Amino acid sequence: MQGYIIDIKPVKDDDLIVSILTEHEVMTTYRFYGARHSNINLGYKIDFELEITKSSIPRLKDVIQLGFPWILDNEKMYCWQRYIKLFYPHLKDIEHIDAFYFYSFENLVHIMIKQNALRAICESYISLIEYEGRLHNDFECLLCENKITQDISLVRGFLPVHANCAYSRGFELNKMKDLFEKKKVISFNDEEVEYLWNILLQGL
Ligand SMILES: [Zn+2]
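Quantities reported herein were computed from a predicted structural model and do not represent experimental measurements. (Residues numbered from 1 in each chain as written. Predicted model: local features only at pLDDT ≥ 70, side-chain atom pairs only at ≥ 80, totals over all residues. Heavy atoms only, no water.)

## Brief notes about the packing of aromatic side chains
So the rule is basically this: Side-chain rings of Phe, Tyr and Trp (the six-membered ring for Trp) are treated as a pair once their centres are within 6.5 Å; stacked means planes under 30 degrees apart, edge-to-face means over 60, and tilted covers the remaining angles. Runs of H or I in DSSP of at least four residues are treated as helices and runs of E of at least two as strands, each being numbered from the N terminus. Residue exposure (1.4 Å probe, protein chains only): buried if accessible area is under 20% of the type maximum, exposed if over 50%, otherwise partly exposed. Only when the NZ of Lys or the CZ of Arg is both within 6 Å of the ring centre and within 35 degrees of the ring normal is a charge said to sit over the ring.
If you walk through the whole model with that rule in mind, you get 19 aromatic pairs. Judged by centre distance (5.3 Å) and plane angle (85°), the rings of Tyr4 and Phe105 are edge-to-face. In this pair, Tyr4 sits in strand β1 (residues 2-10) while Phe105 sits in helix α3 (residues 99-111), placing the two residues 101 residues apart along the sequence. Each member of the pair, Tyr4 as well as Phe105, is classed as buried. On the basis of an interplanar angle of 85° and a centroid distance of 4.9 Å, the ring pair of Tyr125 and Phe158 is categorised as edge-to-face. One end of the pair, Tyr125, is in helix α4 (residues 117-131); the other, Phe158, is in the loop between β6 (152-155) and β7 (159-162), and 33 residues separate them in sequence. For the pair shown, Tyr125 and Phe158 are each scored as buried. Ring pairing ties together the aromatic residues Tyr4, Phe68, Trp70, Trp80, Tyr83, Phe87, Phe102, Tyr103 and Phe105, which thus form one cluster. Directly above the ring of Phe171 sits Arg169, whose terminal nitrogen or CZ lies 4.8 Å from the centroid. The lysine or arginine in question, Lys175, covers the ring of Phe188, its NZ or CZ lying 5.6 Å from the ring centre.

Following this line, the structure appears as structure tokens:
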């Protein structure tokens, strides 16, 4: 089986509870420290086997790390891990996970070979909220419910608000429309992309 590690929790004696997003589910597994598997880390893609034991959690075994071309790029890895981490609270209680999530990661790993990590992640995230049916491209303000015609800002979940209503940074409406329609951050400068990134980090 293959999947992405979206959460790691230390338990007793350096053992770990490892949560893995596969094509169709989030698997909660137990890794014994003594078993000396290959190195595992948040965000890694792994090939693995499960061993069913008497315990309620299957044991993780025969782990092989499937590397990315940029796995040694600290900055990319750091951004990737912060993004991936947000999926655990988002998906953990869902029994059947749509393959969209797994393939969205596959795609993002590939795009990040060439593209700036924050840009690639923000674009991937826009596709994700569209897929989940919560891309608010009607551009109505979450706070006052009026149409936004000029300075727009975003809050958690990329929900549109008037910059004035939220007392926050304003963007040109056309730029934001472009982002929501084309799923591209090309018209945003680096500092603006960083602003979007910080909104994203508040939670999916
Ligand atoms: Zn408003």
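Don't stop here, the text continues.
## Section: the coordination of the zinc ion
Applied cut-off: In this description, a donor is an N, O or S atom within 2.8 Å of the metal centre, a cutoff extended to 3.2 Å for sodium, potassium and calcium. Water is not part of the atom list, which can make sites seem incomplete. By the criteria applied here, four donors are tetrahedral when all angles lie between 85 and 135 degrees, four are square planar and six octahedral when opposite donors are over 155 degrees apart and every other angle lies between 65 and 115, and any other arrangement is irregular.
Within the protein, the atoms that donate to the zinc ion are Cys141 (SG), Cys144 (SG), His162 (ND1) and Cys165 (SG), at distances of 2.0 to 2.4 Å. Metal-centred angles of 97 to 120° between the 4 donor atoms at the zinc ion mark the site as tetrahedral. Linear spacing of the donor residues for the zinc ion on their chain is C-x2-C-x17-H-x2-C. For Cys165, a relative accessible area of 29% puts it in the partly exposed group.

## A few points about the pairing of strand β2 (residues 16-21)
Where we set the bar: The rule for pairing is simple: two strands pair if DSSP sees at least two bridges between them.
Within β2, 6 of the 6 residues are buried, which leaves the element mostly enclosed by the surrounding structure. As paired elements, β1 and β2 share 6 bridges and run antiparallel to each other. Bridging from a neighbouring strand, Pro10 pairs with Leu16 of β2. Where β1 folds back on β2, the antiparallel hairpin that results is connected by 5 residues, among which Asp13 adopts a positive phi of roughly 50°. As judged from the 6 bridges shared by β2 and strand β3 (residues 26-31), these two strands associate in the antiparallel manner. Paired with Leu21 across the two strands is Val26, which belongs to β3. Linking two consecutive strands that pair antiparallel, namely β2 and β3, is a turn of 4 residues.

## A few points about unusual backbone geometry
Phi at Asp13 takes a positive value of approximately 50°, unusual for a residue other than glycine. Mapped onto the elements, Asp13 comes out in the loop between β1 and β2. A relative accessible area of 60% places Asp13 in the exposed class. The residue Phe139 is not glycine, and still its phi comes out positive at about 50°.

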